[in-house]
Structures are given as C-alpha cells and as structure tokens.
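# Results of the structural survey
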Amino acid sequence: MPSAQDHWSEDAACSSDPDELFVDGPHQKRSKAVCAGCQVRIECLAEALDNGIEFGVWGGMTERERRALLRRKPSVTSWRKVLEDARRGSERPRAG
C-alpha cells in the first residue's frame, strides 16, 4: 500500500510503461492482464471513474466497461469510497 505522501501511481504495475494501457481493440486484453495483480488497482480505477477519464485501461477496466458501470450506478458520488469499502468488506474474515 502506498504511503500517504506517495501517489498511488508510483506503485502501479504499469509504471514502467503506462503507454501500453492506451491501446485499442484486442490489445486491451493484454493491458487488462497487467492490472490483474496490481497492488493499486482500486486506486487506479477510482481515479478514472471519479474523474471521468475516457481513454485507456484503468484499474483493469476498459473505457467501455467503465462507461457501462457509470450508467448502471449514476448516483455514486465517490467511487474511491465505494471501492475501498468493498475491499475492506472482502478482507474481513468469514465466520465458518
């Protein structure tokens, strides 16, 4: 997890070649794979959703996927909060 003084993008899996995330068509599948194991995927996706970034693969989602998500959930005002809450919920130990 990045420290408060660092920007999340410094820890991104794509930080060595972010241009590879601005591709189209079938190349996006490869770009999404870069995001799969990224430790700042949620921060990246929240950045794109909260700021209406239209191009590129962000947080493992293409522009088309992000537009569809925004259409399904138009009332969300902070995707960062929604995604961080979801992450915390998935990290809780499950009663067995």
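As a reminder, the structure under discussion sits directly above these lines.
All of the points below concern the structure found in this document. What you are looking at is a predicted structure, and each value in this text was computed from that prediction instead of being measured.

Mapping tryptophan 79 onto the fold places it in helix H4 (residues 79-91). Tryptophan 79 sits 34 residues away from leucine 45 along the chain, and the two C-alpha atoms are 8.3 Å apart. Each residue touching tryptophan 79, except ones within four places of it in the same chain, is listed here: Ala46, Leu49, Asp50, Leu69, Leu70 and Lys73.

Quick look at the environment of glutamate 54 now. Along the chain, the position of glutamate 54 falls in the loop between helix H2 (41-50) and helix H3 (63-72). Accessibility expressed as a relative area gives 52% for glutamate 54, which makes it exposed. In this structure, the C-alpha to C-alpha distance between glutamate 54 and arginine 64, residues 10 residues apart in sequence, is 8.7 Å.

This next bit is on the packing of aromatic side chains. Tallying each qualifying case throughout the model produces 1 aromatic pair. With centroids separated by 6.3 Å and ring planes inclined at 80 degrees, the aromatic side chains of phenylalanine 22 and tryptophan 58 adopt a geometry described as edge-to-face. In this pair, phenylalanine 22 is assigned in the segment before helix H1 (27-36) and tryptophan 58 in the loop between H2 and H3, connecting sequence segments 36 residues apart. Of the residues examined, tryptophan 58 reaches a relative accessible area of 16% and is grouped as buried.

What follows covers the side chain of glutamine 28. Topologically, glutamine 28 is positioned in helix H1. For glutamine 28, a relative accessible area of 11% puts it in the buried group. Ignoring anything within four residues of it in the chain, the contact list for glutamine 28 reads Val23, Val57, Thr62 and Glu63.

Let us look at the nonpolar core. Core analysis: the largest hydrophobic core is formed by 11 residues, namely Trp8, Ala12, Cys14, Leu21, Cys35, Cys38, Val40, Cys44, Ala48, Val57 and Trp58. Core analysis: the next-biggest nonpolar cluster, separate from the first, contains 7 residues, Ala46, Met61, Leu69 and Leu83 among them.

Our focus in this paragraph is the packing of H2 against H3. Across the interface, H2 lies against H3 with an axial gap of 11 Å and an inter-helix angle of 65 degrees. Regarding the angle of H2 to H3, the classification is roughly perpendicular. In this structure, the crossing between H2 and H3 has a hand that is right-handed. Contacts between H2 and H3 involve Leu45, Ala48 and Leu49 from the first element and Arg66, Leu69 and Leu70 from the second. In the contact of H2 with H3, the residues fall into 5 nonpolar, no polar and 1 charged.

About the thresholds
Residues numbered from 1 in each chain as written. Predicted model: local features only at pLDDT ≥ 70, side-chain atom pairs only at ≥ 80, totals over all residues. Heavy atoms only, no water. Helix = DSSP H or I, 4+ residues; strand = E, 2+ residues; numbered from the N terminus. Contact = heavy atoms within 4.5 Å. Buried < 20%, exposed > 50% of the residue type's maximum accessible area, 1.4 Å probe, protein only. Phe/Tyr/Trp six-rings, centres within 6.5 Å; stacked < 30°, edge-to-face > 60°. Core = buried A, V, L, I, M, F, W, Y, C linked by side-chain atoms within 4.5 Å. Axes fitted to C-alpha atoms, helices over the stretch in contact; angles between N-to-C directions. Parallel < 35°, antiparallel > 145°, perpendicular 65-115°, else oblique. Left-handed = near helix turned anticlockwise from the far one by under 90°. Nonpolar A, V, L, I, M, F, W, Y, C, P; charged D, E, K, R; others polar.

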